[in-house]
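# Structural overview
Spelled out, the chains give:
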Amino acid sequence: MNDLAERLATAMRRFTGEGELSALSRLSGGANMESWAFEWSSGGRAAPYVLRRAPSAAYMADRPFGHADEAALVIAARAGGVKAPEVVGVLGDADGLGTGYVMRRVMAEVAPAKILGDPPPSLLADLGRELARIHAIPLATIPPAIPHMDTREALAALKARFFDYGGDRPVIALAIRWCEDHLPAPADPVLVHGDYRMGNVMVDANGLAAVLDWELAHLGDAHEDLAFGCMTVWRFGRLDRPALGLGSLDDYFAAYEAGGGGPVDRDRFRFWLIYRTLWWALGCLQMGEAWRSGADRTVERVVVGRRTAEQELDLVRLLETEAPESERARPLPPSQPAAPVPTGEPTNREMVQAVRDWIEGAIKPHAEGHAKFETVVAMNALGIVLRDLDAGTRAEDRALADELLSGAATLARPGLLAKLRRAVLDKCAVDSPKYAALAAARTEWRQ
């Protein structure tokens, strides 16, 4: 911490002139990048700032653009009237801090649970209009390094990644095949934020305050941005509010169009809703690969790697309308029988439970800041192991995945939808038992 503070203070003097750094702390948020909050005092005044940087050089290796281009994009967005943070400086090699940039800190709420618990009345309309502003940014002002997304090529890349990760998850195979069969015609490109959702926006009493996290930006189809924030996972339990967990799709689309966005095509929106759910399913699997490779050895990475089950559940709910009514009405097969009550020496399950109980009782009460966040994540990881040891359920089935990917099997096959429903229910119950869509699916499918 001392070394980081000293190096950051040196960089800030280069950015803003003389001053003193204080109150440096790691923020808990950010699944991909580190964020550090601090204050900078100059001329008798202290102002809040945020350092955004990569956790390791290896983490940036396969990204299409680096932090210097990301900072330039944020600057261009702000100049275009978007509520983007104000960038004050970009790190260089001489700063010894890795790659990243410093922004003035926006003092507003970012936690989705707090925002969605009592959202400002204007927020859904704010988000629709703001997305229209992002899509209206002149392409000539966007840094040349920001890539253009060809949907067909991107889908092929997802398919290749699926095979890299084993090619054995039937629901992912089903989604890939559906996307191949429903690929939309190319759209006129706009700047796509790429991660426009709750968790990446800041909100105050007046409504939208800032749009964060531009690392996935690219040129592409505006409907991709519209759909991404409406994924089930990014509605944080508000299943009755399909637009960002805030309200109706009709109201969201109307605000987007009134703000200058193009007409919304519902079929194109559905494609992107399924595509991005598929994308995040594979993104979660990628987190496990990042841990295995050593690029990011945090416990958070392996826990996120088990959230693929959430997206597989969502994909079945999205795609089950493709099945005949008779298959949608078919009862589910039973789950695996419960494990017997143990006797004799402590089992693996009991030993894991003992460690989890110790962390909860002896470590968590004394942890603070990011360390407390990591403690909770570690407990979640051990909880997954406990449930997995009891259930003995697996998501892998290479033969069925091959059939679905080739089109040899479809949801018209008798019993297939019921089998997939059972599989995703049981796997999600192990990996994410509090996921809101799990309870909804159990009710819908009359488990």
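For the structure given in this document, a descriptive report is provided here. (Residues numbered from 1 in each chain as written. Predicted model: local features only at pLDDT ≥ 70, side-chain atom pairs only at ≥ 80, totals over all residues. Heavy atoms only, no water.)

Another aspect to go through is the overall build of the protein. Of regular secondary structure, the protein possesses 17 helices and nine strands. Relative to its length of 447 residues, the protein is compact, with a C-alpha radius of gyration of 23 Å against a globular reference of 22 Å. Expressed as lengths along the three principal axes of its C-alpha atoms, the size of the protein is roughly 70 × 60 × 40 Å. Looking at the protein as a whole, 49% of its 447 residues are labelled buried. Carbon and sulfur atoms provide 53% of the accessible area of the protein, an area that totals close to 20,400 Å². Here the protein carries 51 positive and 61 negative side-chain charges, and the mean point of each set is 3 Å from the other. (Helix = DSSP H or I, 4+ residues; strand = E, 2+ residues; numbered from the N terminus. Rg over C-alpha atoms; globule rule 2.2 N^0.38 Å. Buried < 20%, exposed > 50% of the residue type's maximum accessible area, 1.4 Å probe, protein only. Areas by Shrake-Rupley, 256 points an atom, 1.4 Å probe, with all protein chains shown as cover. Lys, Arg positive; Asp, Glu negative; His and termini not counted. Charge placed at Lys NZ, Arg CZ, Asp CG, Glu CD.)

Further remarks concern the sheet that holds strand β2 (residues 34-42). Overall, antiparallel pairing links the five strands, which are arranged β1-β2-β3-β5-β4 in an open sheet. Each of the sheet's edge strands pairs with one partner strand only, and the pair in question is β1 (20-26) and β4 (87-90). Taken over all neighbouring pairs, the strand axes of this sheet differ in orientation by 25° on average, direction set aside. Two strands pair when backbone bridges link them, and β2 and strand β3 (residues 45-53) are joined in this way by nine bridges, in the antiparallel orientation. Its bridge partner being in β3, Glu39 is matched across the sheet by Pro48. (Pairing = 2+ DSSP bridges. Axes fitted to C-alpha atoms, helices over the stretch in contact; angles between N-to-C directions.)

Moving on, we come to the packing of aromatic side chains. Inspection of the entire model under this criterion finds 13 aromatic pairs. Geometrically, the ring pair formed by Phe38 and Tyr49 is stacked, given 5.8 Å between the ring centres and 15° between the ring planes. Taken together, the residues span a long stretch of sequence, with Phe38 in strand β2 and Tyr49 in strand β3 at a distance of eleven residues. For the pair Phe38 and Tyr49, a shared accessibility class is recorded, and that class is buried. Following the ring pairs from residue to residue traces out a cluster consisting of Phe228, Trp234, Phe236, Trp279 and Trp280. The ring of Phe228 has Arg276 lying over it, and the distance from NZ or CZ to the ring centre is 4.0 Å. Positioned above the aromatic ring of Trp279, the side-chain terminus of Arg276 is 4.0 Å from the ring centre. (Phe/Tyr/Trp six-rings, centres within 6.5 Å; stacked < 30°, edge-to-face > 60°. Lys NZ or Arg CZ within 6 Å of the ring centre and 35° of its normal.)

Our next topic: the environment of Gly344. One can find Gly344 in the loop between α12 (325-328) and α13 (348-363). Under the relative-accessibility criterion, Gly344 is labelled exposed at 74%. C-alpha of Gly344 to C-alpha of His182: the two residues are 162 residues apart in sequence and 56 Å apart in space.

All told, the structure shown has 36 salt bridges when counted by the stated rule. Between Arg129 and Asp126 there is a salt bridge, and its shortest N-O distance comes to 2.7 Å. On the criterion of helical spacing, the pair formed by Arg129 and Asp126 is a turn pair, its members being three residues apart in helix α4 (residues 123-135). We classify Arg129 as partly exposed; its relative accessible area is 33%. Residues Arg328 and Glu325 are paired through a salt bridge, measuring 2.7 Å at the closest nitrogen-oxygen approach. (Salt bridge = Lys/Arg side-chain N within 4 Å of Asp/Glu carboxyl O.)

Now for unusual backbone geometry. Not every positive phi belongs to a glycine, and Ala23 is a case in point at roughly 55°. Looking at the element boundaries, Ala23 is found in strand β1. Judged by relative accessible area, Ala23 falls into the exposed class, the value being 54%. In the Ramachandran plot, Phe236 falls in the positive-phi region, its phi being about 50° despite a non-glycine side chain.

If you look at the biggest cluster of nonpolar residues, it comprises 102 residues, and the most contacted ones within it are Leu127, Leu191, Trp214, Tyr252, Tyr275, Leu278 and Leu313. For this core, the element with the highest residue contribution is helix α9 (residues 266-293), accounting for 13 residues. Those residues in contact with Leu191 that lie beyond four places of it in its chain are Leu73, Ile134, His135, Ile137, Leu139, Ile142, Ile146, Trp214, Ala217, His218, Leu219 and Asp225. (Core = buried A, V, L, I, M, F, W, Y, C linked by side-chain atoms within 4.5 Å. Contact = heavy atoms within 4.5 Å.)

So, on to the environment of Pro242. By secondary structure assignment, the location of Pro242 is in the loop between α7 (222-228) and α8 (249-258). In this structure Pro242 comes out as partly exposed when scored by relative accessible area, which is 28%. When the C-alpha positions of Pro242 and Met231 are compared, they lie 7.9 Å apart, and in sequence the two are eleven residues distant. Once residues lying within four places of it in the same chain are set aside, the contact partners of Pro242 are Cys230, Arg235, Gly247, Ser248 and Leu249.

Our focus in this paragraph is the pairing of strand β5 (residues 100-104). In terms of burial, β5 is largely enclosed, as four of its five residues are buried. For β3 and β5, the ladder comprises five bridges, and the chain directions are antiparallel. Bridging across to β5, Tyr49 finds its partner in Arg104. Bridge analysis of β4 against β5 gives three bridges, and the strand direction is antiparallel. Residue Val90 lies in a different strand from β5, and its bridge partner there is Tyr101.

As a further point, take the environment of Thr151. Locating Thr151 in the fold gives a position in helix α5 (residues 151-164). With 35 residues separating them in the primary sequence, Thr151 and Pro186 have C-alpha atoms 7.5 Å apart. The residues touching Thr151, leaving out its near neighbours within four places in the chain, are Leu183, Phe271 and Trp272.

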